[in-house]
Amino acid sequence: MKILITGGTGMVGSAFNNIETDHELVLVGRQDYKLDQIEPAKWMMQDIKPDAIIHLAAQVGGLKANMDYAGDFYRNNIRINTNVLDAAKIFEVGKVISLLSTCVYPDAATYPLIENQIHDGDPHSSNYAYAYAKRMLDVQSRAYRKQYGCNFITAIPNNLFGENDNFHLENSHVIPAMIRKIYEAKLNNKDVILWGDGSPLREFTYSQDLAEILLFLLEHYDEPPPINIGNTHEVSIKEVAQTIVEILNFEGEIIWDTTKPKGQFRKPSDNSKLLELGWREENYTNFRKALTNVCQHVILKYPHLRGIE
Ligand SMILES: NC(=O)c1ccc[n+]([C@@H]2O[C@H](COP(=O)([O-])OP(=O)(O)OC[C@H]3O[C@@H](n4cnc5c(N)ncnc54)[C@H](OP(=O)(O)O)[C@@H]3O)[C@@H](O)[C@H]2O)c1
């Protein structure tokens, strides 16, 4: 199959460069086709003629960017998703897998997060615009399936990390921010200050595993409801920091600034649907191993990393 991957220059998209597969993968980024406009979305289908699409392109960011640019996050994501699904319908693409995120779940969800809860209440106020745009991707996928018979599915990953992550200090997620802070503290012989007390538990999925799972879904999942696909192994923020300290041989102190918010204690999700399809827990890369890969990449490339240059 010829598989088009939108968002191919991003963190998840670039993980497909290391995947061994018999499929032909065509990765595209924003410089190839600006998908917030319909014409480039149609040109993309005309040029590539894909059998299937893994749709990753999105405006993605950390807490501050989501709050400061809520309007842009909503408009751009709604446009990108609408255009990609519309163009895929017009060009009769056989299957589209689109990514949602566990942050689309209601703020007052019951745990573990199960797929049928995603529209049950407001998402967290810090990223409601991004989250509602993502919820509409589920609505559009199901509506096009119902009216036009399109095989459009959606998958829900939890917190992702990987080599080509965004290492911007204000705009990044917890793992790249911590790696950068600890690595720079090591280079400058300083201690490092991290927010909160490190007690919250989080689930993290390695971008490389996500790429494998999306190819797995291409062959094993054709149902309208979204499917949770993240690694449900929980790690405390303190454990993440300690593991990075060990990998980077950081000899300074970690100072936890408990005056700063630490976030919700747990946000576990349920991936039993994925496991029922035949994906196995042991297929996820060991957390320390995945984190080691990312830290080694940082050591090799620093400061030439996304979000630093
Ligand atoms: N990162 C996470 O923790 C996380 C968690 C859950 C779900 N997700 C979802 O996973 C998917 C991939 O995320 P990621 O972390 O890989 O994001 P990323 O690294 O920020 O990559 C985003 C990709 O989208 C492309 N893009 C952005 N605006 C575009 C536009 N207007 N037209 C065409 N392409 C555009 C970017 O192209 P350029 O590089 O050329 O700008 C880039 O390839 C997204 O759908 C995201 O919502 C991510």
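Residues numbered from 1 in each chain as written. Predicted model: local features only at pLDDT ≥ 70, side-chain atom pairs only at ≥ 80, totals over all residues. Heavy atoms only, no water.

What follows concerns helix α6 (residues 174-187). Spanning 14 residues, α6 covers 20 Å between terminal C-alpha atoms, matching the ideal 20 Å at 1.5 Å per step. For α6, the tally of buried residues reaches 10 of 14 residues, placing the bulk of the element in the interior. Buried within α6 we find Ile 175, Pro 176, Ala 177, Met 178, Ile 179, Arg 180, Ile 182, Tyr 183, Glu 184 and Ala 185. Those residues of α6 hidden inside the fold are in contact with β6 (159-161), β7 (192-195), β8 (201-206), α8 (237-248), β11 (254-257) and α10 (287-301). (Helix = DSSP H or I, 4+ residues; strand = E, 2+ residues; numbered from the N terminus. Expected span 1.5 Å × (residues − 1). Buried < 20%, exposed > 50% of the residue type's maximum accessible area, 1.4 Å probe, protein only. Contact = heavy atoms within 4.5 Å.)

Positionally, Asp 86 belongs in helix α4 (residues 70-90). Remark: the alpha-carbon pair of Asp 86 and Ala 41, spanning 45 residues in sequence, is separated by 8.6 Å. Excluding anything up to four places from it in sequence, Asp 86 contacts Ile 38, Gln 140 and Tyr 144. A polar contact of 2.7 Å, which involves the side chain of Asp 86, links it to the side chain of Tyr 144. (Polar contact = N/O pair within 3.5 Å; in protein donor to acceptor, adjacent residues only side chain to side chain.)

Attention now goes to the pattern of salt bridges. This structure, assessed with the given rule, holds 10 salt bridges. The partner of Glu 39 in a salt bridge is Lys 42, and the shortest N-O contact between them spans 3.9 Å. Taken as a pair, Glu 39 and Lys 42 lie in helix α2 (residues 38-48) at a separation of 3 residues, close to a single helical turn. On the basis of relative accessible area, Lys 42 is assigned to the partly exposed category, the value being 27%. Notably, a salt bridge pairs Glu 234 with Arg 266, separated by 3.0 Å at the nearest N-O pair. Here Arg 266 lies in the loop between β11 and α9 (272-276) and Glu 234 lies in strand β10 (residues 234-236), a separation of 32 residues in the sequence. Among the residues examined, Glu 234 registers a relative accessible area of 22% and is labelled partly exposed. Of the residues examined, Arg 266 reaches a relative accessible area of 37% and is grouped as partly exposed. (Salt bridge = Lys/Arg side-chain N within 4 Å of Asp/Glu carboxyl O.)

Close contacts around the ligand come from 28 residues, with Thr 9, Met 11, Arg 30, Tyr 130 and Arg 306 the closest. With the chains in place, 89% of the 910 Å² that the ligand exposes on its own is no longer accessible. At the level of secondary structure, the elements contributing two or more residues to the shell around the ligand comprise α1 (11-15) and α5 (128-148). (Near = heavy atom within 4 Å. Areas by Shrake-Rupley, 256 points an atom, 1.4 Å probe, with all protein chains shown as cover.)

Looking now at the layout of surface pockets. If you add up the space inside the second largest pocket, you get close to 160 Å³. Asn 231, His 233, Val 235, Glu 239, Thr 243, Glu 281, Tyr 284, Thr 285, Asn 286, Phe 287 and Arg 288 together form the lining of the second largest pocket. Those elements giving two or more residues to the lining of the second largest pocket turn out to be α8 and α10. In terms of residue class, the lining of the second largest pocket is made up of 3 nonpolar, 5 polar and 3 charged. (1 Å grid on protein atoms, 1.4 Å probe; cavity = no way out; pocket = protein on both sides within 12 Å on 5 of 7 lines; lining within 4 Å. Points joined across faces, edges and corners; volume = space filled by probe spheres on them. Nonpolar A, V, L, I, M, F, W, Y, C, P; charged D, E, K, R; others polar.)

Here we take up the packing of aromatic side chains. Per the counting criterion, the structure on display carries 10 aromatic pairs. With centroids separated by 5.6 Å and ring planes inclined at 70°, the aromatic side chains of Phe 161 and Phe 287 adopt a geometry described as edge-to-face. Of this pair, Phe 161 sits in strand β6 while Phe 287 sits in helix α10, and the two are 126 residues apart along the sequence. Judged by its relative accessible area of 2%, Phe 161 falls in the buried class. Here Phe 216 and Trp 279 contribute two aromatic rings whose centre-to-centre distance is 5.7 Å and whose plane-to-plane angle is 65°, an arrangement assigned as edge-to-face. (Phe/Tyr/Trp six-rings, centres within 6.5 Å; stacked < 30°, edge-to-face > 60°.)

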